[in-house]
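Summary of the model geometry
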Amino acid sequence: MTPSIKLTYFDIEGAAECVRLALTLAGAEFEDKRIDFSEWATFKSTTPYGQVPVMNIDGGPDRTQSGAMLRWAATLNSDKALYPMDKIYDVEEALGIVGDIQRSWSPCLYIAMKPQTFGYPEGFSKTDEGKEKVSEMRKKWITDELPALLGYISDMIDKNGGKFLVGGSPTIADCALIPILRSFTRGHVDHVDASCLECNPAVVAYVKRFCDLPEIKGRYKDGLGKSE
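The present account deals with the structure reproduced in this document. Every residue gets a number counted from 1 within its own chain, in the order that chain's sequence is written. Two thresholds apply to this predicted model, a pLDDT of at least 70 for residue-level local features and 80 or more for giving and counting side-chain atom pairs, whereas whole-chain, interface and lining totals are computed over all residues. The basis for the side-chain values is all heavy atoms of the structure; hydrogens and waters are excluded.

**Quick look at a negative patch on the surface**
The patches described consist of residues with a relative accessible area above 30% and no salt bridge, like charges being joined within 9 Å and nonpolar side chains (Val, Leu, Ile, Met, Phe, Trp, Tyr) within 5 Å. Computed by Shrake-Rupley with a 1.4 Å probe, the accessible areas treat only the displayed protein chains as cover when residues are assessed. Salt bridge criterion: a side-chain nitrogen from Lys or Arg within 4 Å of a carboxyl oxygen from Asp or Glu. A positive count includes Lys and Arg, and a negative count includes Asp and Glu. His and the chain ends are not counted in either. Charged groups are reduced to one reference atom each: NZ for lysine, CZ for arginine, CG for aspartic acid, CD for glutamic acid. The grouping of Asp128, Glu129, Glu132 and Glu136 at the surface amounts to a negative patch. Under the DSSP-based scheme used, a helix requires at least four consecutive residues in state H or I and a strand at least two consecutive residues in state E, with every element numbered from the N terminus. Following the sequence through the fold, Glu136 ends up in helix H5 (residues 128-144). Take Glu136: its relative accessible area is 44%, and that puts it in the partly exposed class. Accessibility here uses a 1.4 Å probe with only protein chains present; expressed as a share of the type maximum, an area under 20% marks a residue as buried, one over 50% as exposed, and anything in between as partly exposed.

**Re helix H3 (residues 66-74)**
Buried residues of H3: Met69, Leu70, Ala73 and Ala74, and no others. For H3, the arc enclosing every buried residue in end-on projection is 135°, short of the 170-degree limit, so these residues lie on one face. By definition, the arc is the one covered by directions from the helix axis to the C-beta atoms.

**Describing unusual backbone geometry**
Only a minority of non-glycine residues have a phi that is not negative, and only a minority of peptide bonds are not trans. Put simply, Val52 and Pro53 share a cis peptide bond, and its omega is 10°. Positive phi is not limited to glycine here, since Gln65 has a value of about 75°. Mapped onto the fold, Gln65 is located in the loop between strand E4 (63-64) and H3.

**Remarks on helix H7 (residues 172-183)**
Between its terminal C-alpha atoms H7 stretches 18 Å, which fits the 16 Å expected from 12 residues at 1.5 Å a residue. Burial runs high along H7: 11 of the 12 residues are buried. Elements in contact with the buried residues of H7: helix H1 (17-25), H3, helix H4 (88-110), helix H6 (146-159) and helix H8 (201-211). Helix span is expected to be 1.5 Å times the residue number reduced by one. Only heavy atoms matter for contacts: two residues are in contact if any of them lie within 4.5 Å across the pair.

In structure tokens form, the structure reads like this:
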């Protein structure tokens, strides 16, 4: 019997989307609670570590960490093989590549949101110098770093049968990667060309293949993999 699950996050894809996808593929019913950013100051103090997403299972204490949620969601339906025991190393290796992409891109994203983290004053990204720096970093990353990273992804897909990261059916590694790849194509990140993934047709086909899964089809209204 599937437990009662409530997943709480902002009304964006962000860090919770991988968990939403895993729960959806597992066929698990869950409450997808989405809070407004205006609620965050009040809600933050109710979370264990001052961050979201948080997950509540059967009315118990709130649980944290999207990676833990992702792996736990995979256990809800063994028939879906979202975290297959005989391919755990392959799945974890793929998740490692996903993490590499996130770490590589993160400074380009957060230089605009938290410039203090990178040695710049608060509000830097709103200055002319800051705007130029954000544009320069993001465009350079898309040109110099992204193609190689996409190559690692397409090579992994090809090595493992040509459909998904680890074989012929999706795993939690795909659930983790798809939201990241789609985020580059939705047109909501300044200085990122929404067609930037087209330098690797195999990756484009992969994203579309995942989004065409019966459980996922129709979920997205913008970006690569959106409903036609």
